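Summary of the model geometry
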Amino acid sequence: MIGTDLSVAKQLLEADKLVAIPTETVYGLAANALHPTAVLSIYKAKNRPSFDPLIVHVNSVDWVKKLTLDIPKKAQELMDSFWPGPLTLILPKSAMVPDIVTSGLGFVGVRMPRHPLTKELLSNLDFPLAAPSANPFSYVSPTTAQHVEDQLGNKVDYIIDGGPCVVGLESTIVSFETDIPKILRFGGIDQEAIEKVIGSVDLSITNNSNPTAPGQLDKHYATGKPTYLVNQPYELLLFNQEDVFTIGYGEGLFDYNLSPTTDLDEMAQNLFTALRLADKSKRADVAISVAPHVGIGKAINDRLNRASKD
Ligand code: TXA
Ligand code: MG
């Protein structure tokens, strides 16, 4: 059921049930992060492999202190600068975090989301929420409550409707597993903004089927259709319009225009809705123009590369 009743959501979560939550990035499929049986039902609902750990969502740094053994200075600086917001930090886990949350790894992903409903929900709970994106494993992430209902409606006990996600792409993940911070996934906060705060970082954006950011499989964020990328929007006009659903930006008539003014934030916001519409359409194939490769455009292009892998 879709609704906005936070007391219903709270009761269900306290009973170890699944609730879909709105965040500024994408919708999450949430359960009590401290109860292994609750967390297990997330993996089952998503059909997610057990090697792919979950992010724990908190509403205070006090929770981070309980969930981790150490908060390096640079991690603290990133929290001060970007939380609540689309940034996940990978930190050494404390014994309080069940192994199933981290897939047995010694590190846990933590994030403080910015959506007002989810912030309020977290402040009413006395436990943090483990939540991956609320989509079947390897499919496009949901950016509206209806997206969640369409695919997981029968597996989730309640969906909190917080409107369309304002960022539209997942959080940036920064790992503190070694002394040098490493970006594991491009997302809502761009590399330049992070480096302004903590200096240069390494990149470890995985592109294989045995990834170190375990969930970052080569093929991900994918529709069920063959998906082709082009470098410039005008190239989309060369495709046969009867067979191919085109997604572009700027000037030009496409089946979906991510942003007529080439605003990268708007393109990110609309990307997953566009992919879902392409999947639903009668056309057999999908063609998309990659984004300008700056700022959040790098996160958009990361998702497009994974969506187009066969
Ligand atoms: O914006 C987001 O991050 C959304 C919202 C719901 O918060 N969540 C999200 O979760 O995108 P998910 O599970 O779809 O992607 C989380 C990614 C996966 O690639 C996972 O492998 C990685 O984070 N991850 C989580 N914990 C990790 C850990 N301890 N070490 C390395 N990677 C980790
Ligand atoms: Mg996901």
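Residues numbered from 1 in each chain as written. Chains lettered and ligands numbered in written order. Predicted model: local features only at pLDDT ≥ 70, side-chain atom pairs only at ≥ 80, totals over all residues. Heavy atoms only, no water.

Moving on: the pattern of salt bridges. Summed over all chains, the structure comprises 11 salt bridges. Close ionic contact of aspartate 302 with arginine 306 constitutes a salt bridge, the shortest N to O distance being 2.8 Å. Residue aspartate 302 and its partner arginine 306 are located together in helix H10 (residues 297-307), separated by four residues, close to a single helical turn. For the pair aspartate 302 and arginine 306, one class covers both residues: buried. Through salt bridges that share partners, Glu170, Asp302, Arg303 and Arg306 make up one connected network. (Salt bridge = Lys/Arg side-chain N within 4 Å of Asp/Glu carboxyl O. Helix = DSSP H or I, 4+ residues; strand = E, 2+ residues; numbered from the N terminus. Buried < 20%, exposed > 50% of the residue type's maximum accessible area, 1.4 Å probe, protein only.)

Its 17 residues give helix H9 (residues 264-280) an end-to-end C-alpha distance of 24 Å, which sits within 8% of 24 Å, the value for a rise of 1.5 Å per residue. For H9, the principal kink sits at asparagine 270 and spans about 40°. Among the residues making up H9, those that are buried are Leu264, Met267, Ala268, Asn270, Leu271, Phe272, Ala274, Leu275, Arg276 and Ala278. Contact partners of the buried residues in H9: helix H7 (145-152), strand S13 (244-248), strand S14 (256-257), strand S15 (285-289) and H10. One side-chain oxygen at the N-terminal end of H9 lies 2.9 Å from the backbone nitrogen of aspartate 265; it belongs to aspartate 263. (Expected span 1.5 Å × (residues − 1). Bend = angle between axes of the 7 residues up to and from the residue. Contact = heavy atoms within 4.5 Å. Polar contact = N/O pair within 3.5 Å; in protein donor to acceptor, adjacent residues only side chain to side chain.)

When two helices pack together, their arrangement is given by the angle between the helix axes and by the axis-to-axis distance. In contact at an axis separation of 9 Å, H9 and H10 are set at 25° when each is read in the N-to-C sense. With respect to H10, the axis of H9 lies roughly parallel. As for the relative orientation of H9 and H10, their crossing is left-handed in sense. Facing H9, whose interface residues are Leu264, Met267, Ala268, Leu271 and Phe272, H10 presents Gly297, Ile300, Arg303 and Leu304. Split into classes, the residues belonging to the contact of H9 with H10 amount to seven nonpolar, one polar and one charged. (Axes fitted to C-alpha atoms, helices over the stretch in contact; angles between N-to-C directions. Parallel < 35°, antiparallel > 145°, perpendicular 65-115°, else oblique. Left-handed = near helix turned anticlockwise from the far one by under 90°. Nonpolar A, V, L, I, M, F, W, Y, C, P; charged D, E, K, R; others polar.)

Time to look at the packing of aromatic side chains. Here the structure, examined in full by the defined rule, presents zero aromatic pairs. Positioned over the ring face of tryptophan 63 is lysine 66, at 4.2 Å from the centre of the ring. (Phe/Tyr/Trp six-rings, centres within 6.5 Å; stacked < 30°, edge-to-face > 60°. Lys NZ or Arg CZ within 6 Å of the ring centre and 35° of its normal.)

Take the sheet that holds S13 next. Read from one edge to the other, the open sheet built from four strands follows the order S12-S15-S13-S14, with strand pairing classed as parallel. Single-partner strands in this sheet number two, and they are strand S12 (227-230) and S14. Across four bridges, S13 lies against S15 in parallel orientation. Following the sheet pairing, phenylalanine 245 is matched in S15 by valine 286. (Pairing = 2+ DSSP bridges.)

Attention shifts here to the domain arrangement of the protein chain. Often the size quoted for an interface is simply the accessible area lost on bringing the parts together. Segmenting the protein chain into domains produces domain 1 (2-203) and domain 2 (227-307). Listed as interface residues are 23 residues of domain 1 and, on the opposing side, 17 residues of domain 2. Three residues, Val140, Leu169 and Phe186, lead the burial of domain 1 against domain 2; their summed loss comes to 35% of the area buried on that side. On the surface where domain 1 and domain 2 come into contact, there are three salt bridges. Between lysine 280 and aspartate 150 there is a salt bridge whose closest N-O contact spans 3.8 Å. Here domain 1 and domain 2 share seven residue pairs in polar contact (both at pLDDT 80 or more) between them. (Domains from an automatic or database assignment. Buried area = accessible area lost by both parts, 1.4 Å probe.)

Moving on to unusual backbone geometry. Residue proline 84 is reached from tryptophan 83 by a cis peptide bond, and omega for that bond is -10°. Take proline 84: it is sitting in the loop between helix H4 (73-82) and strand S5 (87-92). In this structure, aspartate 16 is a non-glycine residue whose phi angle is positive, near 65°. Secondary-structure assignment places aspartate 16 in the loop between helix H1 (6-14) and strand S2 (19-21). Classification of aspartate 16 as partly exposed rests on a relative accessible area of 24%. Notably, serine 103 is not glycine yet its phi reads approximately 55°, a positive angle. Relative to the helices and strands, serine 103 is located in the loop between helix H5 (99-102) and strand S6 (107-111).

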